[in-house]
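Inside the fold
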Amino acid sequence: MSETQTDPARRRTGTGPRPAPTWWVWLAAWPVTAVFVLSNVATPLYALWQRDIGFSKGTLTVVFAFYIVGLLGSLLVSGVAADRLGRKRVLLPALGLALAACAIFATAQSVAALFAARLFTGIAVGAVVSAGMAAVSDVAGTARARLGALLASCAMVFGAGLGPLLAGVLSETLPAPTVTVFAVEAALLATAVLAVARMPLHRPAAVRQTAGEVSESAEAGRPEERRAEPARGSWVRLPRVPQGNGLRLALGLAVFAPGITATSFVLSLGPSLLSGLLDTTSRVVAGAIACAMFLAATGVQFLVQRLGRRAMLVAGAAAIAASMAALIAAVHTSNVPALLAAALLAGAGQGLGQLGGLSLLNASVPPDRLAEANAAFNVGGYLPAGTLPVATGYLSDAIGLASGTTAFGIALITLAVAGGIVVLTTGRRVTEPAGTRTPDRHRRTHPPR
């Protein structure tokens, strides 16, 4: 289904489309949540597959890495496609792939099947973090840009946390755990399809021009507002931000990248750490810890939404460094509260880095380039999130889980501290850009054209 066309009467008067109700901004975030439930819903079930299929901790991290491969490959095209063709034309096929991943997970009998399911999941998530998160901002409009950035970011981490808790509870209480879990997730994805199909989105400029339509601003004899030149060049490429936004992208990644790497480690090797510390393979406990981590990521974003972007990023870097210190302490002292603290701090660090980075991009990137900018942001974050936990998994097979985890923690502390220093030494003119998207109460009430 294509994006909504502007009402002809409004086009003639030049008044622009009416802003969507606020409840639609919240509902627009639901497809992001539903797909991110899928991204981590398998986490508590890996112990079952390891028992039934038989594979090592190193192979487990490779299963996780197939998700990263699919996600990064998707980001090479989904951001550009969403900006050129519209959000729905990217989101609906992505939701179809997510449903296919559910079917493969539910019937998996081999490592190859897990590879395929995680690959499809990654592709769907890549489309959602570019097109889906941009769609939330589009529905919110300029007047509610801060709300749009907050809900897009929170939808991602809330879904990521809900998935493992849902899987842990269902798999411990209902029969045929893998089938049951993914049947429920398929139902959630079906509701997301309905939400995307009805979402009040407007056609991108490139599609309107192809259809011979003229923008409202042009008909009224005035220039388009906040409209960048549509992205040109290859459809498959490393996503990028418009000229002049590279430093803001780098500042966001300085904290978001180590933050999402920390949470990726907890997701992939957290159950193995739990097994060593608690001598338990409880899927509810593993799911609850992962859920608590992402609930911390969600909650902290609501708590700090009025802070400046620099403060968010510096606090995120500090939380990541503290998380890794707690992780190292947990594995050397067999201290479960320290492991829980590490997970909560990792979630807070990712949430702060994510909201700070997305806010920087939303403040300066025009709507016609926002999906590609979101894709660039996530490529930079998921590259280390995919490589470092995999390296740690194989290192742990060779030298032991405690030593491998310690090496990982030291590396991430170094990255987080360096990121915090970079943010602190960068001028406020960059982290708090003036003359772009100002606080909500000062913004115009009409949505971007």
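Residues numbered from 1 in each chain as written. Predicted model: local features only at pLDDT ≥ 70, side-chain atom pairs only at ≥ 80, totals over all residues. Heavy atoms only, no water.

**Points about the environment of Ser110**
Counting through the fold element by element, Ser110 comes out in the loop between α6 (88-106) and α7 (111-140). Exposure remark for Ser110: the relative accessible area of 30% places this residue in the partly exposed category. (Helix = DSSP H or I, 4+ residues; strand = E, 2+ residues; numbered from the N terminus. Buried < 20%, exposed > 50% of the residue type's maximum accessible area, 1.4 Å probe, protein only.)

**Brief notes about the nonpolar core**
Formed by 108 residues in total, the largest nonpolar core has its most connected members in Phe36, Leu38, Trp49, Met156, Phe182 and Tyr382. Looking at this core, the element that brings in the most residues is α7, giving 16 residues. In this structure Leu38 touches Ala98, Ala101, Cys102, Phe105, Arg118, Thr121, Phe182, Glu185 and Leu189, once residues within four positions along its chain are discounted. (Core = buried A, V, L, I, M, F, W, Y, C linked by side-chain atoms within 4.5 Å. Contact = heavy atoms within 4.5 Å.)

**Regarding helix α17 (residues 401-424)**
Over its 24 residues, α17 runs 34 Å from end to end, which matches the ideal 34 Å to within 8%, given 1.5 Å per residue. When α17 is considered as a whole, its buried residues turn out to be Leu401, Gly404, Thr405, Thr406, Phe408, Gly409, Leu412, Ala416, Gly419, Gly420 and Val423. (Expected span 1.5 Å × (residues − 1).)

**Brief notes about the confidence of the model for the chain**
On average, residues of the chain score 80 in pLDDT, and 80% of them reach the 70 mark or higher. No element of the chain has a lower mean pLDDT than helix α1 (residues 8-13), at 40, and none a higher one than α6, at 95. Note on residues 435-449: pLDDT is under 50 here. Beyond four places in sequence and across chains, it has 44 contacts. (pLDDT = per-residue confidence, 0-100.)

**A look at the pattern of salt bridges**
Per the stated rule, a full pass over the model turns up 4 salt bridges. Its salt-bridge partner being Glu372, residue Arg369 comes within 3.4 Å of it at the nearest N-O pair. For Glu372, a relative accessible area of 0% translates into the label buried. Residues joined by salt bridges that share partners form a network here, namely Asp83, Arg87 and Asp138. (Salt bridge = Lys/Arg side-chain N within 4 Å of Asp/Glu carboxyl O.)

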